[in-house]
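Observations on chain architecture
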Amino acid sequence: MTVRVGVIGAGVMGADHVRLLHGHVSDAEVVAVADVDGARAKAVADAVPGARVGTDALALIADPAVDAVVVASHDSTHAELTVAAVRAGKPVLCEKPLAPTVAECVEVVREDDMAGGGLVSVGFMRRFDPAHVALKAALGEGAEGRVRVVHCVSRGVTSAPGAVSEFSVTGSAIHELDTVPWLLESPVTAVSWHAPEGESSPGLRDPQVMLLHTADGTLTTVETFLNARYGYEVRCEVVLERGALQLADPAPVVRHADRTRSTGYPADWRPRFADAYRLELKAWIDAVVAGRPSPLASAREGLTASAVAEAVIASMRDGGRTVPVTASAP
């Protein structure tokens, strides 16, 4: 069976999904690309022979020649388009976040539940990153005892134009807000937000540090630094009672020259998580073909991450006080 996929959004993420589905995922055929910018959609679709181009995302979803949908458009469109795909009875992979607000996420979960559940998958690709998968497996062995502290770092070269402090949470830290409870198999129960004095640009405090309390008693630090300048880097260290586990440096080459030993950093997230995106898309398509539940993050897990993000932003706006995370089940 070949799954005919329509991709909504032809920016960086959408273009990458088209490339990976077309070149690296068997049983998937990209048949349509839609973007509000028709020229951008055409530039992406031109790499896939026969793929149709449009500017109407809802028309793509309704197209009977489209079996499944990837939503990689602006965050503000995620809820509406994901709900439309669910109502059309089509599996949908929505890039993170599921929606910008908890209220919108709740609506998506309700629609998915009414359709029988399982149509919505959320693109938290770190669940498929080989390094994160190996870290979770090592934690599962329990050899070093109970987890006490987790340290997460996410740094980029420069922030997106117009980025504000809230975006550092919903657009960057949202990955850790999903990854930490996934690694620990324990939900986040309370959070607080902190940052050095001063703005790096209007409306943006950068870097930021978030403290997460999980139900198992673990304390997690999450640092996001959108304008770290030196390169893109993700770190995670888990401190246990009798040892520590951490992600290894993924740099494939060490350079020795001019009495210096050095490694390079990628300019953005794509080289670091190339395998994760490919494996995530393959797992999604394989599940659609087999008619089995998606192994990706569910709509409810997308809602849970957004509820944590909402609590972090509440702390940000209230002087860094500790804020409990309220479960927002429909």
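Everything below is about the structure printed above this text.
All values reported here derive from a predicted model rather than from experimental measurement.

**What to know about the packing of helix H6 (residues 130-141) against helix H7 (residues 165-184)**
Running from N to C, H6 and H7 cross one another at 35 degrees; their axes reach a closest spacing of 9 Å. Of the residues in H7, those touching H6 at His 132, Val 133, Leu 135, Lys 136 and Leu 139 are Thr 179, Trp 182 and Leu 183. Partitioning the contact of H6 with H7 into residue classes produces five nonpolar, two polar and one charged.

**A few points about the sheet that holds strand E1 (residues 3-8)**
With mixed pairing, seven strands are arranged side by side in an open sheet as E3-E2-E1-E4-E5-E6-E15. The strands lining the two open edges of the sheet, one partner per strand, are strand E3 (52-54) and strand E15 (297-298). Looking at chain direction, E1 and strand E4 (residues 68-71) are connected through four bridges and run parallel. The partner of Gly 6 across the bridge, within E4, is Val 69. Here helix H4 (residues 78-87) sits on the sheet in contact with E1, E4, strand E5 (92-95) and strand E6 (120-123), set at roughly 175 degrees to E5.

**Focus on helix H10 (residues 299-316)**
Because each turn of an α-helix spans 3.6 residues, side chains separated by three or four positions end up pointing in the same direction. Compared with an ideal rise of 1.5 Å per residue, which puts 18 residues at 26 Å, H10 spans 26 Å between its outermost C-alpha atoms and is within 8% of the ideal. Counting buried positions over the 18 residues of H10 gives 13, a clear majority of the element.

**Observations concerning the nonpolar core**
If you look at the biggest cluster of nonpolar residues, it comprises 67 residues, and the most contacted ones within it are Val 69 and Val 191. A per-element tally of this core places H10 first, with ten residues. Non-local contacts of Val 191, meaning those with residues more than four positions away in its chain, are made with Leu 211, Leu 212, Val 308, Ala 311, Val 312, Ser 315, Arg 321, Thr 322, Val 323 and Val 325. Membership of the second largest hydrophobic core comes to 34 residues, among which are Val 18, Ala 28, Val 44 and Ala 276.

**Quick look at the pattern of salt bridges**
Enumeration according to the criterion identifies 22 salt bridges in this entry. Between Arg 126 and Glu 176 there is a salt bridge whose closest N-O contact spans 2.5 Å. Taken together, the residues Arg 126 in the loop between E6 and H6 and Glu 176 in helix H7 connect sequence positions 50 residues apart. On the basis of relative accessible area, Arg 126 is assigned to the buried category, the value being 3%. Among the residues examined, Glu 176 registers a relative accessible area of 1% and is labelled buried. Between Arg 270 and Asp 268 there is a salt bridge whose closest N-O contact spans 2.6 Å. On the basis of relative accessibility, which here comes to 18%, the residue Asp 268 falls in the buried class. Connected via shared salt-bridge partners are Arg 155, Glu 223, Glu 233 and Arg 235.

**A short note on empty space enclosed by the protein**
By the definition in use, this model includes one cavity of 30 Å³ or more. Considering only enclosed or pocket space, the largest cavity measures out at about 30 Å³ in volume. For the largest cavity, the full set of lining residues is Arg 126, His 132, Cys 152, Glu 176, Thr 179, Arg 235 and Cys 236. Residue assignment for the lining of the largest cavity shows that the elements contributing at least two residues are H7 and strand E11 (233-240).

**Some thoughts on the pairing of strand E10 (residues 219-225)**
Bridge count between strand E7 (residues 147-155) and E10: seven bridges; the pairing is parallel. Within E10, the residue paired with Val 150 across the bridge is Thr 220. Where strand E9 (residues 208-214) and E10 come together, six bridges link them in antiparallel fashion. Within the sheet, the bridge partner assigned to Gln 208 lies in E10 and is Thr 224. The antiparallel pairing of E9 with E10 creates a hairpin that spans four residues between the two strands, and Gly 217 there sits at a positive phi of about 90 degrees.

**Remarks on the pairing of strand E12 (residues 243-246)**
Across four bridges, E11 lies against E12 in antiparallel orientation. Each bridged residue has a counterpart across the sheet, and for Val 238 the counterpart in E12 is Leu 245. The hairpin formed by E11 and E12 contains two residues between the paired strands.

**Some points on the sheet that holds strand E16 (residues 323-324)**
Across the sheet, which stays open at both edges, the seven strands sit in the order E12-E11-E7-E10-E9-E8-E16 with mixed pairing between neighbours. Looking along the sheet, the strands with just one partner apiece sit at the ends: E12 and E16. Along the sheet, H7 makes contact with E7, strand E8 (188-194), E9, E10 and E11, crossing E9 at roughly 30 degrees. H10 rests against E8, E9 and E16 of the sheet, and its axis sits at about 35 degrees to E8.

**A word on the packing of helix H1 (residues 12-24) against helix H9 (residues 274-290)**
Helix-helix packing is characterised by the crossing angle of the two axes and by the distance between the axes. At a minimum axis distance of 10 Å, the contact between H1 and H9 shows a crossing angle of 65 degrees. As H1 runs across H9, the sense of the crossing is right-handed. Where H1 approaches H9, its residues Met 13, His 17, Leu 20, Leu 21 and His 24 are matched on the opposing element by Tyr 277, Arg 278, Glu 280, Leu 281 and Ile 285. For the contact of H1 with H9, the per-class residue count stands at six nonpolar, two polar and two charged.

Criteria and thresholds
Residues numbered from 1 in each chain as written. Predicted model: local features only at pLDDT ≥ 70, side-chain atom pairs only at ≥ 80, totals over all residues. Heavy atoms only, no water. Axes fitted to C-alpha atoms, helices over the stretch in contact; angles between N-to-C directions. Helix = DSSP H or I, 4+ residues; strand = E, 2+ residues; numbered from the N terminus. Contact = heavy atoms within 4.5 Å. Nonpolar A, V, L, I, M, F, W, Y, C, P; charged D, E, K, R; others polar. Pairing = 2+ DSSP bridges. Expected span 1.5 Å × (residues − 1). Buried < 20%, exposed > 50% of the residue type's maximum accessible area, 1.4 Å probe, protein only. Core = buried A, V, L, I, M, F, W, Y, C linked by side-chain atoms within 4.5 Å. Salt bridge = Lys/Arg side-chain N within 4 Å of Asp/Glu carboxyl O. 1 Å grid on protein atoms, 1.4 Å probe; cavity = no way out; pocket = protein on both sides within 12 Å on 5 of 7 lines; lining within 4 Å. Points joined across faces, edges and corners; volume = space filled by probe spheres on them. Left-handed = near helix turned anticlockwise from the far one by under 90°.

Limitation: the analysis is restricted to geometry and does not speak to function.
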